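# Summary of the model geometry
As a plain string of letters, each chain reads:
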Amino acid sequence: MQNIQGIEPFMTEFISWYSKFLRSVKTFKIERPKSEAFQSRTIIPNTYKLFYGIDGGCIYDINPPSNGTIKNVEKGTLEELVAKEEELMAKLGQLEAAHGIHATHYFKFLNGSVAKLSKDEFLSLPQYDLFVTALEFSLNHNPSPKPRKRARSTQQTLKQTTDQKIAIRLFYDDEPGGFYEARYTLTSTGVHFKPRPVVPGVRMHHLNVHWLGVDHPEGRDKGYMFFNISGDYDGQFYVDNVVRGERHPLFEFFVHPIREREITTHYVLYTRPSFRLSEYGKGYLTVFLEMLNEGMDRL
């Protein structure tokens, strides 16, 4: 994949800063009906793009529902938290400049969570742009709108026409019940792609003819993964994760086979891999992305 080198350093620095930021936000108790942060609100037209991760697949949708039901939102207006919103945006801009990479940001839709005012009365949380749901990066910044007439290969054509995007989705310790009695703690991240990337692989005859494997271009010592092409299509990604003398997978993922025209069967990432926050900054995300090929929409 192209242009991935700046993503992991960006995310490493952001997560380190953002964890402390979330702790400072927690003191305002947004989810408590009697708090000033909860009561300070005004109604404005909805301009928010929501991030919907699909658990059964890595294609994602970042647009509001098309039925037009969310026309207005109750925007939080507490002056101190508005300043926090500005602080967060300034930090994202600073990171973009430092790492030379643009990140499109999306926020958790707090109005979808409610607090109980009385036995039969509930009210949505005010919307504060403090909880980043996902940061999206474009992996090829200037994709050609049309393929060249004499593309030498299908893969070359795909690179010319596909704007490959990756979104790092942030998961909070806010289950169940949305942000009601939330602890505002980042727990892990998930990686989403659009379109889905191709996972390359060769048959691993020493294991089973139903397994495919791929090593990192710089060798297996840097990273490798393998997956089966029958049953659940599950796979595992390995790096230098050695416990008690044995190498263990960093995370598991699923692949799904598709056939397109004259192209041989491709294996595409089917569900999001997820990383523990402690695994950022060690190069694992970059290694994983380096082992994937650009994805494609259905031809």
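As a reminder, the structure under discussion sits directly above these lines.
None of these values were measured; they are calculated from a predicted model.

### A word on the overall build of the protein chain
- Across its full length, the protein chain carries five helices and 17 strands.
- Taking the contacts inside the protein chain whose residues are at least 6 apart along the sequence as the reference set, 66% of them involve residues at least 24 apart.
- Taken as a whole, the protein chain presents about 15,700 Å² of accessible surface, with 49% of it coming from carbon and sulfur.

### A few points about helix 1 (residues 7-26)
- Over its 20 residues, helix 1 runs 27 Å from end to end, which matches the ideal 28 Å to within 8%, given 1.5 Å per residue.
- All buried positions along helix 1 are accounted for by Ile 7, Glu 8, Phe 10, Met 11, Phe 14, Ile 15, Trp 17, Tyr 18, Phe 21, Leu 22 and Val 25.
- Tucked into the core, helix 1 has its buried residues touching helix 3 (79-99), strand 8 (132-138), strand 9 (165-172), strand 10 (186-194) and helix 5 (284-290).

### Quick look at the side chain of Gln 127
- Looking at where Gln 127 falls in the secondary structure, it is placed in the loop between strand 7 (122-124) and strand 8.
- Residue class for Gln 127 comes out buried when judged on its relative accessible area of 0%.
- There is a polar contact of 3.4 Å between the side chain of Gln 127 and the side chain of Asp 129.
- Among residues more than four places away in sequence, those in contact with Gln 127 are Tyr 48, Glu 74, Lys 75, Gly 76, Glu 85, Phe 107, Lys 108, Phe 109, Leu 110 and Asn 111.

### Concerning the pattern of salt bridges
- Evaluated as defined, the whole model comprises nine salt bridges.
- For the salt bridge of Glu 13 with Lys 91, the shortest nitrogen-to-oxygen distance reads 4.0 Å. With Glu 13 in helix 1 and Lys 91 in helix 3, the pair connects residues that are 78 residues apart, well separated along the chain.
- Lys 91 sits in the buried class, given a relative accessible area of 11%.
- Residue Glu 31 pairs with Arg 32 through a salt bridge whose shortest N-O separation is 3.8 Å.

### Structural notes on unusual backbone geometry
- Positive phi, normally seen in glycine, also occurs at Lys 29, with a value near 50°.
- Mapped onto the secondary structure, Lys 29 falls in the loop between helix 1 and helix 2 (36-39).

### Quick word on the pairing of strand 9
- Along strand 9, seven of the eight residues are buried, which leaves the element largely enclosed by surrounding structure.
- In this structure, strand 8 lies alongside strand 9, joined through five bridges in antiparallel fashion. Within strand 9, the position partnered with Leu 135 by the bridge is Ile 168.
- Where strand 9 meets strand 10, eight bridges bridge the pair, whose relative direction is antiparallel. Residue pairing for strand 10: Ala 167 is matched across the bridge by His 192.

### Here's the deal with the sheet that holds strand 8
- Read across the open sheet, the five strands follow the order 5-8-9-10-17; overall the sheet is antiparallel. Among the strands making up the open sheet, the edge pair consists of strand 5 (104-107) and strand 17 (274-276). Averaged over all pairs of adjacent strands, the angle between strand axes in this sheet comes to 20°, irrespective of strand direction.
- Summarising the sheet, strand 5 and strand 8 pair through four bridges and their orientation is antiparallel. Bridge pairing in strand 8 places His 105 opposite Leu 135.
- Running at roughly 165° to strand 8, helix 1 makes contact with strand 8, strand 9 and strand 10 of the sheet.
- Relative to the sheet, helix 3 contacts strand 5 and strand 8, its axis offset from that of strand 5 by approximately 155°.

### Quick notes on the nonpolar core
- Ranked by internal contacts, the top residues of the largest apolar core, which has 64 residues, are Met 11, Phe 14, Tyr 18, Ile 30, Phe 131, Phe 137 and Phe 237.
- Considering every element that reaches this core, the biggest residue donor is helix 1, with ten residues.
- Not counting the four nearest positions on each side in its chain, Phe 237 is found in contact with Tyr 224, Met 225, Pro 249, Leu 250, Phe 251, Phe 253, Tyr 284, Val 287, Phe 288 and Met 291.

### What about the packing of helix 1 against helix 3?
- Put simply, helix 1 and helix 3 touch, their axes get as near as 10 Å, and they point 165° apart. With respect to helix 3, the element helix 1 is oriented roughly antiparallel. Crossing of helix 1 against helix 3: the hand is right-handed. Contact with helix 1, carried on its side by Pro 9, Phe 10, Glu 13, Phe 14, Trp 17, Tyr 18, Phe 21 and Ser 24, involves Lys 84, Glu 87, Leu 88, Lys 91, Leu 92, Leu 95, Glu 96 and His 99 of helix 3 and no other residues of that element.
- Across the contact of helix 1 with helix 3, the residue classes tally to nine nonpolar, two polar and five charged.

### Focus on the environment of Tyr 172
- You can see Tyr 172 is positioned in strand 9.
- Those residues within four positions of Tyr 172 in sequence are excluded, and the remaining contacts are Tyr 18, Leu 22, Phe 131, Val 132, Thr 133, Phe 179, Thr 185, Leu 186 and Thr 187.
- Polar side-chain contacts of Tyr 172 include one of 2.9 Å to the side chain of Tyr 18.
- A polar atom in the side chain of Tyr 172 sits 2.6 Å from the backbone oxygen of Val 132.

The rules we used
Residues numbered from 1 in each chain as written. Predicted model: local features only at pLDDT ≥ 70, side-chain atom pairs only at ≥ 80, totals over all residues. Heavy atoms only, no water. Helix = DSSP H or I, 4+ residues; strand = E, 2+ residues; numbered from the N terminus. Contact = heavy atoms within 4.5 Å. Areas by Shrake-Rupley, 256 points an atom, 1.4 Å probe, with all protein chains shown as cover. Expected span 1.5 Å × (residues − 1). Buried < 20%, exposed > 50% of the residue type's maximum accessible area, 1.4 Å probe, protein only. Polar contact = N/O pair within 3.5 Å; in protein donor to acceptor, adjacent residues only side chain to side chain. Salt bridge = Lys/Arg side-chain N within 4 Å of Asp/Glu carboxyl O. Pairing = 2+ DSSP bridges. Axes fitted to C-alpha atoms, helices over the stretch in contact; angles between N-to-C directions. Core = buried A, V, L, I, M, F, W, Y, C linked by side-chain atoms within 4.5 Å. Parallel < 35°, antiparallel > 145°, perpendicular 65-115°, else oblique. Left-handed = near helix turned anticlockwise from the far one by under 90°. Nonpolar A, V, L, I, M, F, W, Y, C, P; charged D, E, K, R; others polar.

As far as function goes, none of this settles anything; it's purely spatial.
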